[in-house]
Amino acid sequence: DLEREADLVEEIARLNGLDAIPDMMPSAPSVSNLDETPFRAKKQLRAICLSLGFTEAMHYSFLSERELDAFDSSNREERLVIPDPVSAECGVMRPSLLAQLYSSLGRNASYQAESAMLFEMGKVFSAKGGTPTEEERLSLGFFGPVGRESLRKRAPLGEEEALSWMKGAVERIISGMHAGKVIFQPAERAAFEKGATLAIILNGREVGVMGAVTPKM
């Protein structure tokens, strides 16, 4: 019954005993052709945020219209609405990370925490132009006297000091990522205090916004 090499190998194996064949995993080396640059960049970005004292937060990718409207109702037409959500609290894919991060900071404050520093890296979604899109974003937030020496912890925290500290954090992140030149320009956004809002300009293009959240929130 010998017709090919495999038949001969089988006969020899049977004569010597199948139990005598050692258990060995087949070798299957593979080389991925995927670009690891985005993964390495996210890993480096996470490490920088952690080194600055921020704690990583993770939220669901969907939330309610009510949460979004409380933070910013100007982008209603661009929201990606879920047709049949599990509940009204999960009816929209998040267009920004800020609303959920703000809620998490608020919960920490309600537990009488003296200060908190959170960051989140995740995807946001939009239906702008009628086509669903997604992109990666970074969100940072804090409350309380962060970055101060112990003797100044109880002194009141003003908007100018808070903005200055956050500017320093953003500059260190961009420097650590070797992303280019960053400048800050006065801006206005619905959820932030007028006169305490800055647009983040990286290499001549606006890439984000930072500011003191309005007490009306």
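Residues numbered from 1 in each chain as written. Predicted model: local features only at pLDDT ≥ 70, side-chain atom pairs only at ≥ 80, totals over all residues. Heavy atoms only, no water.

**Observations concerning the pairing of strand β6 (residues 133-143)**
Definition in use: We treat two strands as partners when DSSP finds at least two bridges between them. Strands are runs of DSSP state E lasting at least 2 residues, helices are runs of H or I lasting at least 4, and numbering of each runs from the N terminus.
Of the strand pairs in this sheet, strand β5 (residues 116-126) and β6 are connected by eleven bridges, and their pairing is antiparallel. Within β6, the position partnered with Leu 118 by the bridge is Gly 141. Linking β5 to β6, which pair antiparallel, is a turn of six residues; within it Gly 129 sits at a positive phi near 80°.

**Here we look at the sheet that holds strand β9 (residues 205-213)**
In plain terms, the rule: To obtain an axis, a line is fitted to C-alpha atoms, over the contacting stretch when the element is a helix, and the angle between two such axes runs from 0 to 180 degrees between their N-to-C directions.
With antiparallel pairing, three strands are arranged side by side in an open sheet as β7-β8-β9. Here the strands that pair on one side only, and so sit at the sheet edges, are β7 (182-186) and β9. Direction aside, the axes of adjacent strands within the sheet are offset by 30° on average. Pairing of β7 with strand β8 (residues 192-202), which is carried by five bridges, proceeds in the antiparallel orientation. Across the sheet, residue Gln 185 finds its bridge partner in β8, namely Ala 199.

**A word on the environment of Glu 171**
Our working rule: Note on contacts: a residue pair qualifies if any of its non-hydrogen atoms lie within 4.5 Å across the two residues.
You can see Glu 171 is positioned in helix α5 (residues 159-176). Sequence spacing of Glu 171 and Met 121 is 50 residues, and the spatial spacing of their C-alpha atoms is 17 Å. When residues no more than four places from it in sequence are discounted, the contact partners of Glu 171 are Val 182 and Phe 184.

**Notes on unusual backbone geometry**
Going by this rule: Each residue gets one of three labels from its accessible area relative to the maximum for its type: buried under 20%, exposed over 50%, partly exposed in between, using a 1.4 Å probe on protein chains only.
Notably, Gln 112 is not glycine yet its phi reads approximately 70°, a positive angle. Structurally, Gln 112 can be placed in the loop between α4 (98-110) and β5. The exposure class assigned to Gln 112 is exposed, which follows from its relative accessible area of 68%. Look at Asn 203: it is not a glycine, yet its phi comes out positive at around 55°. By secondary structure assignment, the location of Asn 203 is in the loop between β8 and β9. The exposure class assigned to Asn 203 is exposed, which follows from its relative accessible area of 52%.

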